[in-house]
Amino acid sequence: MDVLTGEREYFKGIDKIKYEGPESDNPLAFKYYNPEKRVGDKTMQEHLHFAVAYWHSFSSRLADPFGPGTRELPWLQSKDPIQRARDKMDAAFEFMTKMGLKYFCFHDVDLVDEAETIAESERRLQSIVDYAKEKKKESGIELLWGTANLFSHPRYMNGAGTNPVFEVVAHAGAQLKRAIDATIELDGHNYVFWGGREGYMTLLNTQMKKEKDHYAQLLTMARDYARKNGFKGNFFVEPKPMEPMKQLYDTDAATVLQFLREYDLMDDFKLNIEANHATLALHSFEHELQVAADAGMLGSIDANRGDEQNGWDTDQFPTKLNDVTRAMLVILEAGGLQGGGINFDAKLTRNSTDLEDMFHAHIGAMDTFARGLMAADDILRNSSYSKLRKERYATFENEEGKRFVNGSMSLEDLRRIAVKNGEPQQVSGRQEFFENLLNTHIR
Ligand code: XUL
Ligand code: CO
């Protein structure tokens, strides 16, 4: 069976997307993303590790809270859940192969629908995992990360790992186990926790400390189980402040770091930073990336964007070059992502109903990251950016500054120095200069 077409070809009339360069006017070609092109010490492909999100691209018919889905997905026609799952997988591997996407990410229930009983759900997942192994082998495509959807089923309405009822936590454990099994069997590079229902709607009915203790217990059990079964990859926690719950415990990067430290999970876990989640937390994407990077915990990213005009998680494809360049600057300065990649956790807007729209969305996003990568590399290599940033702190290299940094100075010493030197000279932060510098290097 041909990996490109599976049992039938879904994306008819679209060939493999090629790099044609910025002069090309072919909408179904890359203008900037050239996988083999070297940027610094690595190729674009090595820097970027793009992944498709199974849920948005192959499961969602683009429903929103005000209406049902608008697009037909020809791979979801079969009445038989296993056949439907196989058809979906054929479509996914055809799409990834045509796009040149080397990685994918999934929730357990994206691969195949959950059944009535745990045993049947396990059987179903095993069957589609066996099929995925074949497709992986034929195509060379790899699993960037797997996860369990512990937020959609009504039983999780009060949380999964943080549910006040132990029997629900046990169900979450059963589901977590099979998602980890699937990830290990598919040689997944990483495993993600996004705690969509791990939080509360009102603190009035919630014992927060107890719930967080339970959540940490579940993460610890998951870590121990996976390690015992040979999983060598990273665990990632993906912060988000709210939605679907009013308050999520994994609020932002700093909060998750504190949680991982408190429960002694720092060695096995890192962070998966999502752009739109950063916006919801009233942070910039680059801020969240920097917080993770400064702790040596920048694992992976979920690439998307929100909309300036509204405050919800619109999960649009990332097309804003200036924002992506700022993100790539942090990522490059951190020495890259630790084990992860760039997962397009992004959906088409509800009126983009042609199958071809999936290609435009991913081509645009990949080109944007390729340009952001080149611009960031150029800024770091060929501009005064790093030097000027360093120079802002030059006074801490002086004898007295150094003593302050080393901790060999007291508050009385600071007073003495302040009195001796008088009012310090004003030093401009030169924000507009830095903003112009960034724009000059975006080509
Ligand atoms: C939801 C979200 C999830 C996670 C995986 O906002 O980002 O899709 O990435 O569960
Ligand atoms: Co995400």
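None of the values given here were measured: they were computed from a predicted structure.

Here is what the cut-offs are and how they apply
Residues numbered from 1 in each chain as written. Chains lettered and ligands numbered in written order. Predicted model: local features only at pLDDT ≥ 70, side-chain atom pairs only at ≥ 80, totals over all residues. Heavy atoms only, no water. Donors = N, O, S within 2.8 Å, 3.2 Å for Na, K, Ca; no water. Tetrahedral: all angles 85-135°; square planar, octahedral: opposite > 155°, others 65-115°. Helix = DSSP H or I, 4+ residues; strand = E, 2+ residues; numbered from the N terminus. Expected span 1.5 Å × (residues − 1). Buried < 20%, exposed > 50% of the residue type's maximum accessible area, 1.4 Å probe, protein only. Near = heavy atom within 4 Å. Polar contact = N/O pair within 3.5 Å; in protein donor to acceptor, adjacent residues only side chain to side chain. Areas by Shrake-Rupley, 256 points an atom, 1.4 Å probe, with all protein chains shown as cover. Nonpolar A, V, L, I, M, F, W, Y, C, P; charged D, E, K, R; others polar. Contact = heavy atoms within 4.5 Å. Domains from an automatic or database assignment. Buried area = accessible area lost by both parts, 1.4 Å probe. Salt bridge = Lys/Arg side-chain N within 4 Å of Asp/Glu carboxyl O. Phe/Tyr/Trp six-rings, centres within 6.5 Å; stacked < 30°, edge-to-face > 60°. Lys NZ or Arg CZ within 6 Å of the ring centre and 35° of its normal.

Visitor: I keep staring at the coordination of the cobalt ion (ligand 2) and nothing clicks. Help me out?
Guide: A metal bound by six donors in octahedral fashion has ideal angles of 90 or 180 degrees, whereas one bound by four tetrahedral donors has an ideal angle of 109.5 degrees. At the metal site, the cobalt ion (ligand 2) is ligated by Glu 238 (OE), Glu 274 (OE), Asp 302 (OD) and Asp 345 (OD), and these contacts range over 1.9 to 2.1 Å. Coordination geometry of the cobalt ion (ligand 2): the 6 donor atoms subtend angles of 81 to 172° at the metal centre, consistent with an arrangement described as octahedral. Mapped onto the polypeptide sequence, the residues donating to the cobalt ion (ligand 2) form the spacing pattern E-x35-E-x27-D-x42-D. In this pair, Glu 238 is assigned in the loop between β10 (234-237) and β11 (247-248) and Asp 345 in the loop between β14 (342-344) and α12 (356-382), connecting sequence segments 107 residues apart.

Visitor: Before we go on, may I ask you to explain α12 in this structure?
Guide: One turn of the α-helix equals 3.6 residues, which is why residues spaced by three or four share an orientation. In this model α12 runs 38 Å from its N-terminal to its C-terminal C-alpha over 27 residues, within 8% of the 39 Å that 1.5 Å per residue would give. With respect to burial, α12 is a largely interior element, 19 of its 27 residues being buried.

Visitor: Would you mind showing me how to read the site of ligand 1 here?
Guide: With respect to spatial proximity, the complete set of residues near ligand 1 consists of Trp 55, His 107, Trp 145, Phe 151, Trp 194, Glu 238, Lys 240, Glu 274, His 277, Asp 302, Asp 313 and Asp 345. Take Glu 238: an N or O atom from its side chain is 2.7 Å from an oxygen atom of ligand 1. Surface burial for ligand 1 is 93%, taken as the share of its 290 Å² of free accessible area covered by protein chains. Class assignment for the residues of the shell around ligand 1 results in 4 nonpolar, 2 polar and 6 charged.

Visitor: Mind showing me how you'd approach the environment of Ser 428 here?
Guide: You can see Ser 428 is positioned in the loop between α15 (411-421) and α16 (431-441). A residue is classified by how much of its surface remains accessible, and Ser 428, at 53% relative accessible area, is exposed. In this structure, the C-alpha to C-alpha distance between Ser 428 and Arg 392, residues 36 residues apart in sequence, is 9.3 Å. At 3.0 Å, the side chain of Ser 428 and the backbone nitrogen of Arg 430 are in polar contact.

Visitor: Could you clarify how one ought to interpret the environment of Gly 161 in this entry?
Guide: One can find Gly 161 in the loop between β7 (142-147) and α6 (166-185). Expressed as a C-alpha distance, the spacing of Gly 161 and Glu 211, which sit 50 residues apart in the sequence, is 7.7 Å. Non-local contacts of Gly 161, meaning those with residues more than four positions away in its chain, are made with Val 169, Ala 172, Glu 198, His 214, Tyr 215 and Leu 218.

Visitor: Honestly, the domain arrangement of the protein in this entry has me stumped. Any pointers?
Guide: A common way to state how big an interface is: give the accessible area lost once the parts meet. According to the domain assignment, the protein consists of domain 1 (18-383) and domain 2 (386-440). Spacing between the C-alpha centres of domain 1 and domain 2 amounts to 40 Å. On the side of domain 2, 6 residues touch domain 1, which itself brings 8 residues to the contact. Summed over both sides, the interface between domain 1 and domain 2 buries roughly 580 Å², with carbon and sulfur atoms accounting for 50% of that surface. Between domain 1 and domain 2 we count 1 salt bridge in total. Across the pair Arg 389 and Glu 333 runs a salt bridge whose closest N-O atoms are separated by 3.3 Å. Inspection of the region where domain 1 meets domain 2 yields 2 residue pairs in polar contact (both at pLDDT 80 or more). Contributing elements (two or more residues each) for the side of domain 1 that touches domain 2: α11 (321-333) and α12. The dominant element in the side of domain 1 that touches domain 2, judged by the number of residues it contributes, is α11, at 5 residues. Looking at the side of domain 1 that touches domain 2, its residues break down into 3 nonpolar, 3 polar and 2 charged.

Visitor: Hey, could you run me through the packing of aromatic side chains in this one?
Guide: Following the criterion strictly, the structure yields 30 aromatic pairs and no others. Ring geometry for Phe 11 versus Phe 95: centroids 5.6 Å apart, planes at 50°, classification tilted. In this pair, Phe 11 is assigned in the segment before β1 (18-19) and Phe 95 in helix α3 (residues 81-99), connecting sequence segments 84 residues apart. The rings of Tyr 10, Phe 11, Tyr 54, Phe 58, Trp 75, Phe 93, Phe 95, Phe 104, Phe 106 and Phe 359 are connected pair by pair, giving a single aromatic cluster. When the ring centre of Tyr 131 is taken as origin, the NZ or CZ atom of Arg 86, which lies over that ring, is 4.0 Å away. Note that Arg 430 overlies the ring of Phe 433, its terminal NZ or CZ placed 4.2 Å from the centroid.

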